[in-house]
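# Remarks on the overall topology
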Amino acid sequence: SGLNTTIVAAGKLYFGTATDNTELSNTAYEKQLNNTADFGQITPGNSMKWDAIEPERGAYTYAEGDVIANLAKENGQKLRCHNLVWYNQLPSWVSGGGFDNATLIDIMKNHITNEVTHYKGRCYAWDVVNEALSDAGDGSYRSNVFYETIGEAYIPIAFAAAAAADPDAKLYYNDYSIESAGAKSTAAQNVVQMIQAYGAKIDGVGLQSHFIVGETPSTTAQVANMKAFTALGVDVAITELDIRVATPETTADETQQAIDYASTVKACMQVDKCIGITIWDWTDKYSWVPSTFSGEGAALPWDSNLDKKVPVYDAILSAEGES
Ligand code: G3I
């Protein structure tokens, strides 16, 4: 029994992982990625982002995204599609374009309509808007070209365009530092209600869950926070879980990391509408962490040799059995 089969037996939809195109040339990597006992769902780490899909206005390049979508199909894995509207990995023709309100709305709707239509029927879920809230953590909106030009309405406009292009895909707002109570989580709840007030459909909130060993919110805190979202009539999913630490990781760190992974998994198990869990790639070899946080890493349940960290893996597995 693996991470996916066990969580599915306990009533969730999937346990999954992010992956990326360049990693697929590693056959040992791909073998484990394809292991559906552990991974019933995959997310492309980069190849469905705006800069990958529409690097020039109106010129769509789907080859790399298709590789991941096809892999999911061959393996029988669910696909979380990531993402449509984000300030980062946004081509400069959009971010620096100097477009007026109506033009930028058109550009955004065209991008969404084209991409969601291309993957229609393939995506269990779409991260429609990613990280719209400021890093200040005070609940304010992030200043980006969409917000500055269109105002908060860019968010419901994006959701409405995605819903029109694929009515069956679950539409998510996805962000980080919204995994326990606080101004940013409250603001994300307000985003959900704002989308609903505009009459647009939102199905879920992605709790990215990029955590730090020893600083992970408690299960109780995560459960209460998830319920604040599900009370608004949406699902939640853990979308990008990883738990980083100063490297090299010690045995004591790994023991704490196992406890911390279990905290989040237990929280999801305790909330009916927490539908699944995705780790942000499965091996430290391909984690985004070391290139962003110098001196930190070792954030995933498999090490950089692709070997399972047995205490971490087992802690996730046993937490999946609890509810
Ligand atoms: O594609 C170029 C390549 O042509 C170039 O040679 C190389 C040199 O640096 O860079 C490549 O682009 C990199 C890209 O990943 C693809 O590998 C970018 O530099 C690098 O910044 C980018 O990092 C990604 C990061 O998002 C960017 O913000 C990570 O792989 C990806 O895991 C990470 O994922 C995000 C989620 O989308 C949203 N939530 C946070 C999460 C972690 O940052």
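Below you will find a few notes about this structure. (Residues numbered from 1 in each chain as written. Predicted model: local features only at pLDDT ≥ 70, side-chain atom pairs only at ≥ 80, totals over all residues. Heavy atoms only, no water.)

### Topic: the packing of aromatic side chains
Where we set the bar: Two aromatic rings from Phe, Tyr or Trp, using only the six-membered ring of Trp, form a pair when their centres are within 6.5 Å; if the ring planes differ by under 30 degrees the pair is stacked, by over 60 it is edge-to-face, and anything between is tilted. A ring is scored as having a charge over it whenever the NZ atom of a lysine or the CZ atom of an arginine sits within 6 Å of its centre and within 35 degrees of its normal.
This model, assessed by the stated rule, comprises 15 aromatic pairs. Among the aromatic residues, those joined into a ring-pair cluster are Tyr29, Phe39, Trp282, Tyr286, Trp302 and Tyr313. Across the ring face of Tyr176, the terminal group of Lys184 is positioned such that the distance to the ring centre comes to 4.0 Å. Its guanidinium or amino end placed over the ring of Tyr313, Lys308 lies 3.8 Å from that ring's centre, counting from NZ or CZ.

### Here's the deal with the state of the cysteines
Which entries qualify depends on this criterion: In this description, the term disulfide denotes a pair of cysteine sulfurs within 2.5 Å. When a residue's accessible area, from a 1.4 Å probe over protein chains only, is under 20% of the maximum for its type it is buried; when over 50% it is exposed; and in between it is partly exposed.
With the rule as written, the count across this model stands at 2 disulfides. Between the sulfur of Cys268 and that of Cys274 lies a disulfide, 2.0 Å long from S to S. One quick way to see it: the torsion about the S-S bond of Cys268 and Cys274 is about -100°, and its sign makes the bridge left-handed. Of the residues examined, Cys268 reaches a relative accessible area of 0% and is grouped as buried.

### Points about the environment of Ala165
For clarity, the threshold we go by: For the purposes of this entry, the term helix denotes a DSSP run of H or I that reaches at least four residues, the term strand denotes a run of E that reaches at least two, and both are numbered from the N terminus. Any two residues whose heavy atoms approach within 4.5 Å are treated as being in contact.
If you trace the backbone, Ala165 turns up in helix 8 (residues 154-165). The buried category is assigned to Ala165, whose relative accessible area is 9%. Placed 130 residues apart in sequence, Ala165 and Asn35 show a C-alpha to C-alpha distance of 31 Å. Apart from residues lying up to four places away in sequence, Ala165 is in contact with Thr113, Val116, Thr117 and Lys120.

### Side note on the side chain of Asp38
Rules: A positive count includes Lys and Arg, and a negative count includes Asp and Glu. His and the chain ends are not counted in either. Here a salt bridge means any side-chain nitrogen of Lys or Arg lying within 4 Å of a carboxyl oxygen belonging to Asp or Glu. Any N or O atom pair separated by 3.5 Å or less is treated as a polar contact, with the protein-specific requirement of one donor-capable and one acceptor-capable atom, and with residues adjacent in sequence counted only for side-chain atom pairs.
Tracing the chain through its elements places Asp38 in the loop between helix 2 (27-33) and strand 2 (41-44). No salt bridge is formed by the buried Asp38; its nearest oppositely charged neighbour, Lys308, is found at 5.0 Å. Within the local environment of Asp38, its side chain forms a polar contact with the side chain of Tyr313, the two groups lying 2.5 Å apart. When sequence neighbours within four positions are dropped, the list of residues in contact with Asp38 reads Gly2, Leu3, Asn4, Phe15, Gln32, Trp302 and Tyr313.

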